[in-house]
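# A closer look at the structure
Here is how the chains run, residue by residue.
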Amino acid sequence: MTPIANDTLLRALLREPTAYTPLWLMRQAGRYLPEYNATRARAGSFLALATSPALATEVTLQPLDRYALDAAILFSDILTVPDAMGLGLRFVAGEGPRFEHPLRDEQQILALRAPDLDRLRYVFDAVAQIRRALLADGVQRVPLIGFSGSPWTLACYMIEGAGSDDWRQAKTLMYARPDLMHHLLRVNAEAVAAYLNAQIEAGAQAVMLFDSWGGALADRAFQEFSLQYSRQVLAALRREHAGRRVPSILFTKGGGPWLQAMSDCGADALGVDWTVDLGAARARVGDRVALQGNLDPSVLFAPPQAIEREARAVLDSFGPIEAGQAVGHVFNLGHGISQFTPVEHVQALVETVHSYSRALHRGSSQAGQ
Ligand code: CP3
């Protein structure tokens, strides 16, 4: 078992006691970093960057070299899986992702199969290479998080062929032909479980399911078309690898109303966006899961003083920390960091979360003595 110098993230996800609240940021390797933009320019495109294990390793480590973050996250994208299923992923400058062959008729959907994992070999190679790059004198700096899109969120892009404000075509299929939608979601769940297990075998030490569009669903539709399939994925995941538990995180953007149902879906932690009060969420999920979140990424546009105030408010909202007791909070943003974030503002956030949460944990252990 490779020793990890800072395993605070894994401990918090498993609701074990920690000395402070660990943090990482969704999209921490990205366009707000000048060094990311330089590597991306060298690669020629986002996809060239994501499909090169050496370059993906380089950009994964960039935010860790700048900030005292408590985790690395694999640099890749959720849309690599449908790409490997033959949908043909492209990124159009200024427009975001597009599929050349979106799913538009019954035949296409019925012909869909979970991809040959060999087509995603570059992802597993990147995971293994990142793990090696995280080593310093035989000790790993921080854990590596792997990820996938949820079956529902992938289905949204596969049907629509691009991002959407209302997911009109995906929802039309869901209501008009629920049988076909369920078929697609079964294939996606099988693909995602195999993909995440291969990441775990390659060295991912925690895994996260991004259900970015679960919150676009109506009540009942969420349970039937999103949560049910995330649960299937989570049930099929390896729980342990190389002598360590591999915690899982389910993040449903806009999932606040369903936290209780989500808390018994098999994930160790739930990601929450900024519409949720962490203390209230904690009361609803009890000791079943840890929570990850939930600063509004727009806070990072404001000056450091405001960032400090808002970060403390998020830590305070989680509620009391008892001495030596399970806490189960991982600090994060409520969604990905914006490309317009000033780099020095991230520094202010990292310092505040570490120093203020350390004081909260210390204060609690003194109170408990
Ligand atoms: O968090 C990390 O640092 C890991 C890398 C990561 C990326 N995408 C890199 C990326 C992760 C975890 C993702 C997940 C992802 N991708 C999601 C789920 C999370 C969420 O945001 O809800 C979704 C929906 C996608 C699909 C996707 N990829 C979109 C809609 C876009 C374009 C919009 C945008 O932000 O540019 C991408 C491109 C993408 N994926 C970029 C990065 C760094 C920017 C591409 C570039 O460099 O031009």
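Right, let's walk through the structure included here. (Residues numbered from 1 in each chain as written. Predicted model: local features only at pLDDT ≥ 70, side-chain atom pairs only at ≥ 80, totals over all residues. Heavy atoms only, no water.)

So, about the overall build of the chain. Regarding its fold elements, the chain presents 15 helices and 13 strands. Taking 2.2 N^0.38 as the reference for a compact globule, 369 residues should give roughly 21 Å; the C-alpha atoms of the chain span a radius of gyration of 20 Å, in line with that estimate. Dimensions of the chain, computed from the C-alpha atoms along their principal axes, are close to 65 × 45 × 45 Å. Buried residues in the chain amount to 55% of all 369 residues. Relative to all contacts within the chain whose residues are 6 or more apart in sequence, the contacts with residues 24 or more apart total 73%. Per element, the accessible surface of the chain, about 14700 Å² overall, is 49% carbon and sulfur. (Helix = DSSP H or I, 4+ residues; strand = E, 2+ residues; numbered from the N terminus. Rg over C-alpha atoms; globule rule 2.2 N^0.38 Å. Buried < 20%, exposed > 50% of the residue type's maximum accessible area, 1.4 Å probe, protein only. Contact = heavy atoms within 4.5 Å. Areas by Shrake-Rupley, 256 points an atom, 1.4 Å probe, with all protein chains shown as cover.)

In total, this model carries 14 salt bridges according to the counting rule given. In this structure, the salt-bridge partner of Asp 268 is Arg 245, at a minimum N-O distance of 3.1 Å. With a gap of 23 residues between them, Asp 268 in the loop between α12 (259-262) and β11 (269-271) and Arg 245 in strand β9 (residues 244-245) connect regions that are remote in the sequence. Residue Asp 268 is classed as buried on the basis of its relative accessible area, which comes to 12%. When its relative accessible area of 36% is taken as the criterion, Arg 245 is described as partly exposed. Notably, a salt bridge pairs Arg 309 with Glu 310, separated by 3.1 Å at the nearest N-O pair. The class for Glu 310 is partly exposed, based on a relative accessible area of 30%. Among the charged side chains, a network of salt bridges with common partners joins Glu 106, Arg 177 and Asp 179. (Salt bridge = Lys/Arg side-chain N within 4 Å of Asp/Glu carboxyl O.)

For the coordinates displayed, the defined rule picks out nine aromatic pairs. Ring centres of Phe 124 and Tyr 195 lie 5.9 Å apart, and the angle between their planes is 55°; this geometry places the pair in the tilted category. Pair noted here: Phe 124 is in helix α7 (residues 121-133) and Tyr 195 is in helix α10 (residues 178-202), with a separation of 71 residues, a long-range link. Tyr 195 sits in the buried class, given a relative accessible area of 1%. With a centroid separation of 5.5 Å and 85° between ring planes, the pair formed by Phe 147 and Phe 210 is classed as edge-to-face. Highlighted residues: Phe 147 in strand β6 (residues 144-149) and Phe 210 in strand β7 (residues 206-211), separated in sequence by 63 residues. For the pair Phe 147 and Phe 210, a shared accessibility class is recorded, and that class is buried. (Phe/Tyr/Trp six-rings, centres within 6.5 Å; stacked < 30°, edge-to-face > 60°.)

Attention now goes to the sheet that holds strand β10 (residues 248-252). The seven strands are arranged β1-β6-β7-β10-β11-β12-β13 in an open sheet whose pairing can be described as parallel. Since the sheet does not close on itself, it has two edges, and those belong to β1 (72-73) and β13 (329-333), each with one partner. Examined bridge by bridge, strand β12 (residues 290-295) and β13 share five bridges and lie parallel to one another. Note on β13: the bridge partner recorded for Leu 291 is His 329. Against the sheet, α10 makes contact with β6 and β7, and its axis sits at roughly 165° relative to β6, the strand it touches most. (Pairing = 2+ DSSP bridges. Axes fitted to C-alpha atoms, helices over the stretch in contact; angles between N-to-C directions.)

Turning our eyes to something else, we now look at the site of the ligand. Residues in contact with the ligand amount to 22 residues; listed here are only the nearest, Arg 27, Arg 31, Tyr 36, Arg 40 and Ser 212. At 2.6 Å from an oxygen atom of the ligand is found a side-chain nitrogen or oxygen belonging to Arg 40. A distance of 2.5 Å separates an oxygen atom of the ligand from a polar atom in the side chain of Ser 212. With the chains in place, 88% of the 870 Å² that the ligand exposes on its own is no longer accessible. Spatially, the ligand is embedded in the largest pocket. Grouping the amino acids of the shell around the ligand by side-chain chemistry returns 14 nonpolar, four polar and four charged. (Near = heavy atom within 4 Å. Polar contact = N/O pair within 3.5 Å; in protein donor to acceptor, adjacent residues only side chain to side chain. 1 Å grid on protein atoms, 1.4 Å probe; cavity = no way out; pocket = protein on both sides within 12 Å on 5 of 7 lines; lining within 4 Å. Sits in = over half its atoms within 2 Å of the grid points. Nonpolar A, V, L, I, M, F, W, Y, C, P; charged D, E, K, R; others polar.)

This paragraph deals with the environment of Ala 313. With respect to the secondary-structure elements, Ala 313 resides in helix α14 (residues 304-317). Since its relative accessible area comes to 40%, Ala 313 is described here as partly exposed. With 18 residues separating them in the primary sequence, Ala 313 and Leu 295 have C-alpha atoms 9.2 Å apart.

Attention shifts here to the side chain of Thr 80. The residue Thr 80 is located in helix α5 (residues 80-87) in this model. When sequence neighbours within four positions are dropped, the list of residues in contact with Thr 80 reads Leu 89, Leu 120, Tyr 122 and Tyr 195.

For the coordinates displayed, the defined rule picks out one cavity of 30 Å³ or more. Quantified by volume, the largest cavity comes out at close to 30 Å³. Thr 21, Leu 315, Phe 318, Ile 321, Val 327, His 329 and Leu 360 are the residues that line the largest cavity. Class assignment for the residues of the lining of the largest cavity results in five nonpolar, two polar and no charged. (Points joined across faces, edges and corners; volume = space filled by probe spheres on them.)

Before going further, it helps to examine the pairing of strand β3 (residues 96-99). As paired strands, strand β2 (residues 89-92) and β3 are joined by four bridges and run antiparallel to one another. Bridging from a neighbouring strand, Phe 91 pairs with Pro 97 of β3. Taking the residues between adjacent antiparallel strands as the criterion, β2 and β3 are bridged by three residues, where Gly 94 takes a positive phi near 75°.

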